[in-house]
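Structural overview for review
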Amino acid sequence: MKYARITGTGGYLPKRVMTNKDFEAIVDTSDEWIRERTGIIRRHIAADDEKTSDMGLAAAREALQMAETDAKDVDLIIVATSTPDKVFPSTACIVQRRLGISGFAAFDVNAACSGFVYALDIANRFVRTGGSKCALVIGAEIYSRIINWNDRGTCVLFGDGAGAVILQASDEAGILSTHSHADGQHEELLHVPAGISSGYDQVRQESAFIQMKGHEVFRAAVGVLGAIARETLTANNVKESDIAWLIPHQANLRIISAAAKKLKLPMDRVVVTVDEHANTSSASIPLALDVAVRDGRIKRGDLLLLEAFGAGFTWGSALVRF
Ligand code: UT7
């Protein structure tokens with residue numbers, strides 16, 4: 001059976017940068033608190049006229065270029081996002097049109113911060129069963145639009161951005177395994193209460209913004225990321241020491257350090273972007289991957305462990321021979 005192999009990565013970050021200091025003028029917080037409790041130093045914030053599809057498209061173009069692949073070869077687009085341009089059509093369909101291609105399946109996946117690993121899981125299954133030869137998988141988010149800018153417990157945590165990969169059918173090893181999970185019991189620990197069928201007419205009020213019980217989410221994230229890492233290594237009969245790079249979801253440096261510690265991996269084998277990007281939800285893993293591929297840390301043949309945790313709760317992982 002053919003593998004799905006990552007042949008290109010891309011990323012996009014909006015031009016505007018907000019530092020922790022900038023937040024001191026907005027809410028009762030400090031650069032020191034944000035750095036110590038989260039590891040975040042700055043984040044990128046989309047321009048007023050910038051949309052999720054704009055960012056996803058820019059990341060997709062970079063990934064296509066790295067893969068030396070023409071958009072015409074793409075035969076599947078999945079966009080992981082919980083902040084789509086519109087209720088419908090999907091952001092994937094908008095990206096498809098803007099790439100000047102059509103005819104094949106294009107759809108969005110919403111698994112909050114785990115969206116990219118879910119989308120990678122789905123695309124991997126398409127490729128391995130012959131349903132796609134060249135899949136474009138994007139994580140793109142614009143959380144600045146769903147942040148309550150008066151809530152210091154959440155507004156300092158998030159940023160905007162997009163990352164993308166091209167997955168191509170190959171006889172060479174690529175994605176070795178994917179694992180997706182959810183437990184819907186924890187809805188109210190991390191959610192945006194308003195939605196299409198619940199309070200849509202009240203949007204722009206508090207219910208339209210992220211609400212999180214940060215401490216409970218933190219504890220769950222640490223536990224679940226340890227478990228998914230063990231599950232992934234066992235499924236592939238791989239040792240912790242075989243992993244060249246851990247690429248975790250970028251929510252909080254303390255969560256990332258705890259995940260690395262459980263895997264007995266030194267931090268110099270962990271890709272960290274939370275300091276520069278903050279939490280970009282489903283964009284965080286493909287953005288971190290792209291950063292480390294482009295700066296030369298990640299090389300062809302490296303074994304990568306991707307792992308994510310998000311609202312739902314959802315969580316997932318992928319073991320990838322790059
Ligand atoms: O991506 C999806 C998954 N999301 C996550 O994984 C996020 C998980 N959670 C976290 O990263 C952390 O829980 C936070 C960074 C959100 C919070 O850190 P914490 O160490 O769990 O702090 P806490 O929520 O227990 O709050 C400690 C104190 C509170 O004050 P009191 O009640 O002790 O007086 C908060 O009000 O810190 C206060 N606080 C702040 N202080 C200054 C909360 N936010 C801020 C802030 N600046 N921005």
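None of the values given here were measured: they were computed from a predicted structure.

1. Quick look at the domain arrangement of the protein
Looking at the assigned domains, one finds that the protein contains domain 1 (3-172) and domain 2 (176-321). Taking the mean C-alpha position of each, domain 1 and domain 2 sit 14 Å from one another. On the domain 2 side, the residues contacting the 57 residues of domain 1 number 49 residues. Summing the contributions of domain 1 and of domain 2, the shared interface buries around 4000 Å²; its carbon and sulfur component is 59%. Counting the surface domain 1 buries against domain 2, the share from its top three residues, C113, V117 and Y118, is 15%. The interface formed by domain 1 and domain 2 holds two salt bridges in total. Across the pair E62 and R294 runs a salt bridge whose closest N-O atoms are separated by 3.4 Å. If you look at where domain 1 meets domain 2, you find 26 residue pairs in polar contact (both at pLDDT 80 or more). Here the element with the most residues in the side of domain 1 that touches domain 2 is helix α5 (residues 115-128); it accounts for nine residues. Among the residues making up the side of domain 1 that touches domain 2, the classes are represented as 25 nonpolar, 19 polar and 13 charged.

2. Examining the site of the ligand
Near the ligand there are 23 residues, and of these T29, R37, H249, N252 and N279 occur at the shortest range. Between the ligand and W33 there is a distance of 3.4 Å, counted from an oxygen atom to a side-chain nitrogen or oxygen. One of the backbone nitrogen or oxygen atoms of R152 is found 2.9 Å away from a nitrogen atom of the ligand. Compared with its free state, where it exposes 950 Å², the ligand has 72% of that area covered by protein. Counting residues per element, the ones that place at least two in the shell around the ligand are α2 (31-38), α6 (152-155), α7 (214-236) and α8 (253-262). A per-element tally of the shell around the ligand places α7 first, with four residues.

About the cut-offs
Residues numbered from 1 in each chain as written. Predicted model: local features only at pLDDT ≥ 70, side-chain atom pairs only at ≥ 80, totals over all residues. Heavy atoms only, no water. Domains from an automatic or database assignment. Contact = heavy atoms within 4.5 Å. Buried area = accessible area lost by both parts, 1.4 Å probe. Salt bridge = Lys/Arg side-chain N within 4 Å of Asp/Glu carboxyl O. Polar contact = N/O pair within 3.5 Å; in protein donor to acceptor, adjacent residues only side chain to side chain. Helix = DSSP H or I, 4+ residues; strand = E, 2+ residues; numbered from the N terminus. Nonpolar A, V, L, I, M, F, W, Y, C, P; charged D, E, K, R; others polar. Near = heavy atom within 4 Å. Areas by Shrake-Rupley, 256 points an atom, 1.4 Å probe, with all protein chains shown as cover.

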